[in-house]
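Here are the chains, one letter per residue:
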Amino acid sequence: MRLVIAYIRPEKLPEVKQALFKRDVLKISVSNALGCGDEPTIYEQYRGRTSEVDLHKKVRIEAAVNESFVQNVVDGIVEGAQTGEVGDGKIFVIPLEDCYRIRTGEQGHDAIG
């Protein structure tokens, strides 16, 4: 079992979801995030003051999957999120020790579904 975590551009979320659903990856979690990487700092004017924006808006996608689906998830995220520009994001694949389904009490591979 693995936990795939990706940080992508917010505007690419619909394409990523579509690419994942095409690959039968139907169970994901999505949340908003802020982060900095190689993207340049942006300077904005607000009420006559210049402010430095070095934390950029991102979307965090998480998918807990069995080993056989890891490459499907990674390929779907790359297909949907890639623009070729700095700031496309990152994907992390982390070993997942265990999983429990609260409703049925299932554990491990059966709980992920």
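The structure displayed is predicted, hence computed values, not measured ones.

**Quick word on the sheet that holds strand β5 (residues 56-65)**
Phase 1 of the analysis: Read across the open sheet, the four strands follow the order β2-β5-β1-β6; overall the sheet is antiparallel. The open sheet has two edge strands with one neighbour each: β2 (29-35) and β6 (89-95). Going from strand to strand, the sheet's axes swing by 20° on average, the running direction of each strand aside.
Phase 2 of the analysis: As paired elements, strand β1 (residues 2-8) and β5 share seven bridges and run antiparallel to each other. What sits directly across from Val-4, in β5, is Ala-63.
Phase 3 of the analysis: Strands β1, β2 and β5 of the sheet are contacted by helix α1 (residues 13-22), whose axis makes an angle of about 15° with β5.
Phase 4 of the analysis: Strand contacts of helix α2 (residues 70-81): β1, β5 and β6, with the helix running at about 5° to β1, the strand carrying the most contacts.

The rules behind the values
- Residues numbered from 1 in each chain as written.
- Predicted model: local features only at pLDDT ≥ 70, side-chain atom pairs only at ≥ 80, totals over all residues.
- Heavy atoms only, no water.
- Pairing = 2+ DSSP bridges.
- Helix = DSSP H or I, 4+ residues; strand = E, 2+ residues; numbered from the N terminus.
- Axes fitted to C-alpha atoms, helices over the stretch in contact; angles between N-to-C directions.
- Contact = heavy atoms within 4.5 Å.

These figures come from the coordinates and say nothing about function on their own.
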